[in-house]
Amino acid sequence: MRRDDCYTTQLIDNNGEFNASGLQDFVRKIKLADCGLSYAVVAIMGPQSSGKSTLLNHLFHTNFREMDAYKGRVQTTKGVWVAKCVGIEPCTIAMDLEGTDGRERGEDDTTFEKQSALFALAISDVVLINIWCHDIGREHAANRPLLKTVFEVMVRLFSPRKTTLLFVIRDKTKTPLPHLESILKEDIKKIWHAVHKPDSLKDTPLSEFFNVEIFALSSYEEKEKKFKEEVAQLRQRFFRSISPGGIAGDRRGVIPASGFSFSAQQIWKTIKENKDLNLPAHKVMVATVRCEEIAKEKFNHLTTDERWLALDEAVKKGPVLGFGRKLSSIIESYFKEYDTETAFFDDEVKKAKRKQLVSRVLEFVYPSYVILLGHLRSKAFENFKKRLEQSMNDGEGFASAVCKCTKTCMLEFDQGSADAAVQLANWDPSKFREKLRHDIDRHASSVQNEKLSGMIASYEKRLTEALTSPVRSLLEASGKDTWASIRKILQHETETTISKFSVDIASFELDQEKVDSMVLNLRNHARNVVENRAREEAGKALMHMKDRFSTVFYHDNDSMPRAWTGEEDIRTITKDARAASLRVLSVLAAIRLDEKPDKIENILTSSLMNDVVASSSSKDKSFGPSSDPLASSKWEEVTVKDTLITPVQCKSLWRQFKAETEYMVTQAITAQEAYKRGNNWLPPPWAILAMFVLGFNEIMLLLRNPLYLVVIFVVYLFSKALWIQMDVGRAFQSGTLGGLLSISSQLLPSVINLLKRLAEQAHGHTNSQASRPSPPSVNSRSFRSQTLYSNHTNTILEPSAVTNVESSVSSNVDSSSDSEIEYSSPSAGQAD
Ligand SMILES: Nc1nc2c(ncn2[C@@H]2O[C@H](COP(=O)(O)OP(=O)(O)OP(=O)(O)O)[C@@H](O)[C@H]2O)c(=O)[nH]1
């Protein structure tokens, strides 16, 4: 070991300024912070130029400045200096103080003497007090004020550190040491008693504050060798000085080495401010500051720790397996470091600061935990959604699928959150769990609503489809038992659907109340379908009535189309057709789903059919306003809701119906008359019989001579051709005289024309004949019949077609037909 390894540093300069940076540098160089409590501080006090530096340098192999013997007794040590004792274990710091009675400083410097003495006593475990041997027992010796100072400041330390005062007697004489010791101790006692003390310390013996030891050295200048030998002996006392029995074995209130620098600085600051130095409080203060510093340092290291940064980054991307274990390992390594570094500080303080550190660290890493729980929550929620869908696809019941999936996903989250837990933190994942549960419940509820809506919609659609066509068909048929049949169908379809629905809904495990409400809705829906259909059909009541009229009017009881041959009783047929139409109106007038009896049909029949009868006998006769049961806007015993066509509307509809069907009746009558006229063209049977009896001889003559027959046949053909050519029937429609005149004027041209054509035919020119329209013939009657029969399918004939038919039927149609055709046009359009 070289003397340079002692790193001598001025701690306090002669102006009283503390060299904090110098001390920190010194502490760093001698690695004092690593020593914990295993270090000692030795200070030396004594008169100026009493060989203090010389003693320290020999004792600890330091290199404090010594006075050059040739320059005389001038002050060399100014302020306070520190150096590491070389080769001493444990680490020992030597502190050289400015001399106490230097000539240069004068009386004013007593303050600095006191301050430096207090400083030395506050931080040192051993204080060497250098005294001249010849001063012992002397009343005005230089050591007396020094000791007084030491004791006075000692009292101010509040709590004694049990410092060892090692009196080093310099330049020992032949006086035996025990004698010197007793004189010195007597002196010390006197001085201690003389020191002003607080009442609490009045009777306290000096030994309570100090261990007093005395060591005598030969003169360095005169007996150097002896001096060195004695110093070497003294040096041995400083090895293992802090161990029990060592020179500083009794010391108290040691500041941990890592706090030495700060502690020394604070003590000097307190001393400079001339405040009382409360060492226990100071110790707590140092512990507080140092523990805080250490905690801060550990926290800062954690924030830049690569393991932590990697973990934090990974968590941002997704769930991390073993998060809690990994994080615990990282943060606990820093707590361990803290524990190690603060091991020697005040227990209370270090625990409090550790708590703060733990809390700060946990607060710092908590967001990462939150992110992780967020991942776990969303992952569990996504899994729930997928699993639920899968279970539903596999045909599992909704409620049991939800229950099973919820259980699985909550367990998954619980395991994840347990894995993410940091034991030290005791973080509560319940909020995330609750949120997950809430999300799951909300999703399940939404899926349930969706499924239920779909299911209900499907059942409603099924009901609509099952009811619409039959109800429409029944209403269109509108018979006596229409509403009974509708009720039967409604009940059957409703009950069938509800029983299937009940089976399906069971898998949702809903409250009975909710199921009942859904069933009721389905029933209402079914009823609404029927009611809407009825309303729709009621809106087309006129059309249905006309259809029914047309059906009954144009077909016989065997549903065969009628031919108006003249034998039909058009009046009865019309009445039947109207009665059938009236039944249609009666059926469509109100909804009868509740099976309540009503008198609608009776009222309608009595009011409208009687009206027909009445009007047929007396057109002007009508019900008075007061006696008309149809002069009302509601039916008796039928609610407004169930009313489809009010009595007044029925009356109006009937009027319109009658007006629009009148044309059919008129047409039928016309057709019947036309048929009759068409058949009257032949001679009556009695005339034919008379002709046969009277012309018997002529007939026989013809039969005997077939040539006559040929001639007659040719004449017949010629006459027939002329008949057709001249349209004789039509000519006589306007009267016999007019017909004769017309025929006579056309006869000759027609004969010529006919002969010309025959001649052309004879020459093979047949083109002109091919292009001519077919002549109206007897078929015209059947055409007319066909056209009229077509009314059954098309309801009403086109006016133009009717006109053509009428013209082809010839003169049997009078002028009133035209007016009827025109009248029927709107209804024909409507029927289309
Ligand atoms: N008589 C005598 N002189 C000594 C002894 N030890 C050192 N000296 C001398 O005393 C003088 C002062 O020595 P220092 O070690 O500088 O004394 P000091 O107490 O450190 O001086 P300051 O720091 O200035 O107060 C030097 O000339 C030394 O040679 C000793 O044991 N006896």
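Rules used in this analysis
- Counting of residues starts from 1 at the beginning of each chain's written sequence and follows it residue by residue.
- Reporting in this predicted model follows two pLDDT cut-offs: at least 70 for local features of residues, and 80 or more for side-chain atom pairs to be given and counted; totals over whole chains, interfaces and linings ignore these cut-offs and use all residues.
- With hydrogens and water stripped out, all remaining heavy atoms of the structure feed into the side-chain values.
- Helix numbers and strand numbers start at the N terminus; a helix is a DSSP run of H or I with at least 4 residues, a strand a run of E with at least 2.
- Using a 1.4 Å probe on the protein chains alone, a residue whose accessible area is under 20% of its type maximum counts as buried, one over 50% counts as exposed, and one in between counts as partly exposed.
- Two residues form a contact once any of their heavy atoms are found within 4.5 Å.
- For the area figures, the Shrake-Rupley method with a 1.4 Å probe applies, and any residue is considered shielded solely by the protein chains shown.
- By definition here, a salt bridge exists when the distance from a side-chain nitrogen of Lys or Arg to a carboxyl oxygen of Asp or Glu is within 4 Å.
- One bridge is not enough; two strands pair if DSSP finds at least two bridges between them.
- Only centres within 6.5 Å qualify two rings of Phe, Tyr or Trp (six-membered ring in Trp) as a pair; their planes then separate them into stacked at under 30 degrees, edge-to-face at over 60, and tilted for everything else.
- Comment: the charge-over-ring label is applied if NZ (Lys) or CZ (Arg) is within 6 Å of the ring centre and within 35 degrees of the ring normal.
- To obtain an axis, a line is fitted to C-alpha atoms, over the contacting stretch when the element is a helix, and the angle between two such axes runs from 0 to 180 degrees between their N-to-C directions.
- Here the expected length of a helix is defined as 1.5 Å per residue gap, with one fewer gap than residues.
- In this description, one arc is meant: the one made by directions from the helix axis to the C-beta atoms.
- The quantity called pLDDT is the predictor's confidence in a given residue, expressed from 0 to 100.
- Here the word oblique covers every angle except those under 35 degrees (roughly parallel), over 145 (roughly antiparallel) and from 65 to 115 (roughly perpendicular).
- Whether a crossing is left-handed or right-handed is set by the direction in which the near helix is turned from the far one by less than a right angle, anticlockwise for left-handed and clockwise for right-handed.
- UniProt positions are given in the numbering used here, feature names are shortened, and annotations may be inferred rather than shown by experiment.
- Think of a patch as exposed residues, more than 30% relative accessible area, with no salt bridge, where like charges cluster within 9 Å and nonpolar side chains (Val, Leu, Ile, Met, Phe, Trp, Tyr) cluster within 5 Å.
- Only four residue types enter the charge count, namely Lys and Arg as positive and Asp and Glu as negative; His and the chain termini do not.

Caption draft 1: View of the overall build of the protein. Secondary structure assignment for the protein yields 29 helices and seven strands. Counting over 832 residues, the protein shows a buried share of 43%. A separation threshold of at least 6 residues defines the contact pool for the protein, and within that pool the share at least 24 residues apart is 75%. For the protein, the exposed area adds up to about 44,400 Å²; of that, 54% sits on carbon and sulfur atoms.

Caption draft 2: View of the pattern of salt bridges. Tallied over the full model, the rule gives 35 salt bridges. For K316, the salt bridge goes to D312, with nearest N and O atoms at 3.4 Å. You can see K316 and its partner D312 sitting in helix α9 (residues 306–317), four residues apart, about one turn around the helix. Relative accessible area serves as the criterion here: at 47%, K316 is assigned to the partly exposed category. Two residues, R377 and D439, come together in a salt bridge whose shortest N-O distance is 2.8 Å.

Caption draft 3: Molecular detail of the pairing of strand β5 (residues 126–132). Of all seven residues in β5, seven are buried; the element is thus mostly enclosed. Alternating residues of β5 divide into V126, L128, N130 and W132 and V127, I129 and I131, and every residue in both groups is buried. In terms of strand pairing, strand β2 (residues 39–45) meets β5 through four bridges, oriented parallel. Its bridge partner lying in β5, A43 is registered against V127. By the bridge criterion, seven bridges tie β5 to strand β6 (residues 163–170) in an arrangement that is parallel. Counterpart to N130 in the pairing with β6 is V168.

Caption draft 4: The arrangement of the packing of aromatic side chains in detail. As enumerated under the stated definition, the model contains 19 aromatic pairs in all. Taken together, a centroid distance of 5.8 Å and an interplanar angle of 80° make the contact between Y39 and F260 edge-to-face. One end of the pair, Y39, is in strand β2; the other, F260, is in helix α7 (residues 260–272), with 221 residues separating them in the sequence. Judged on exposure class, the residue Y39 and its partner F260 are both buried. With a centroid separation of 5.4 Å and an interplanar angle of 50°, the aromatic rings of W308 and F364 are classed as tilted. Here the residue W308 occupies a position in helix α9, and F364 occupies one in helix α11 (residues 347–393), the gap between them amounting to 56 residues. We classify F364 as partly exposed; its relative accessible area is 29%. A cation over an aromatic ring shows up here: R360 above the ring of F299, its NZ or CZ 3.9 Å from the ring centre.

Caption draft 5: Examining the sheet that holds strand β7 (residues 210–216) more closely. Across the sheet, seven strands lie side by side as β1-β3-β4-β2-β5-β6-β7; this open sheet has mixed pairing. The sheet is open, and its two borders are formed by β1 (9–12) and β7, each paired with just one other strand. The sheet shows a mean angle of 25° between the axes of neighbouring strands, direction not considered. Where β1 lies against strand β3 (residues 80–84), three bridges are found, and the strand directions are antiparallel.

Caption draft 6: View of helix α10 (residues 323–341). Along its 19 residues, α10 runs 28 Å from first to last C-alpha, staying within 8% of the 27 Å computed at 1.5 Å per residue. Every buried residue of α10 is accounted for by F323, G324, L327, S328, I330, I331, Y334, F335 and Y338. Seen along its axis, α10 keeps its buried residues to an arc of 170°; they face one direction. Among the exposed residues of α10, those oriented more than 90 degrees off its buried face are R325, K336 and T340. Contacts made by the buried residues of α10 are with α8 (279–303), α9, α11 and α12 (398–420).

Caption draft 7: Structural context of unusual backbone geometry. Of note, the amide linkage connecting E89 to P90 takes the cis form, showing an omega dihedral of -5°. With respect to the helices and strands, P90 occurs in the loop between β3 and β4 (91–97). Phi at D171 takes a positive value of approximately 55°, unusual for a residue other than glycine. Structurally, D171 is set in the loop between β6 and α5 (177–194).

Caption draft 8: The arrangement of the confidence of the model for the protein in detail. Averaged over the protein, the pLDDT score is 82; the fraction of residues at 70 or greater is 84%. Helix α29 (residues 815–831) is the least confidently modelled element of the protein, averaging 34 in pLDDT, while α9 averages 94, the highest of any element. Every residue in residues 102–110 is under pLDDT 50, and counting partners more than four places away or in other chains gives eleven contacts. Scored below 50 in pLDDT, residues 765–832 makes 85 contacts in the model with residues more than four places away or belonging to other chains.

Caption draft 9: Seen up close, the side chain of S417. Residue position: S417 is located in helix α12. Excluding anything up to four places from it in sequence, S417 contacts L373, L376 and P429.

Caption draft 10: Just the packing of α8 against α10, in detail. At a minimum axis separation of 10 Å, α8 and α10 run at an interaxial angle of 155°. When the interaxial angle is binned, α8 and α10 end up roughly antiparallel. The two elements α8 and α10 cross, and the hand of that crossing is right-handed. The residues of α10 that touch α8, namely those facing C291, I294, A295, E297, K298, H301 and L302, are I330, I331, Y334, E337, Y338 and E341.

Caption draft 11: Summary view of the UniProt feature "binding site: GTP" (unreviewed entry) in the protein. Taken from the UniProt record, the annotation "binding site: GTP" (unreviewed entry) applies to G46, P47, Q48, S49, S50, G51, K52 and S53. Its location among the elements puts G46 in the loop between β2 and α2 (52–60). Setting aside anything within four residues of it in sequence, one finds G46 in contact with K52, G99, T100, N130 and L146. Relative to the elements of secondary structure, S53 occurs in helix α2. Each residue touching S53, except ones within four places of it in the same chain, is listed here: F64, R65, E66, T77 and D96.

Caption draft 12: Structural view of a nonpolar patch on the surface. Nonpolar side chains collect at one region of the surface, where L689, F692, V693, L694 and F696 lie side by side and expose about 570 Å² of accessible area between them. Top contributing element to the nonpolar patch by residue count: helix α20 (residues 685–694), with four residues. Note that F696 resides in helix α21 (residues 696–704). For F696, a relative accessible area of 41% gives the class partly exposed.

Caption draft 13: The side chain of R548, seen in detail. Mapped onto the elements of the fold, R548 is located in helix α16 (residues 541–554). No salt bridge is formed by the buried R548; its nearest oppositely charged neighbour, D547, is found at 8.4 Å. Non-local contacts of R548, meaning those with residues more than four positions away in its chain, are made with E476, A477, S478, A580, S581 and V584.

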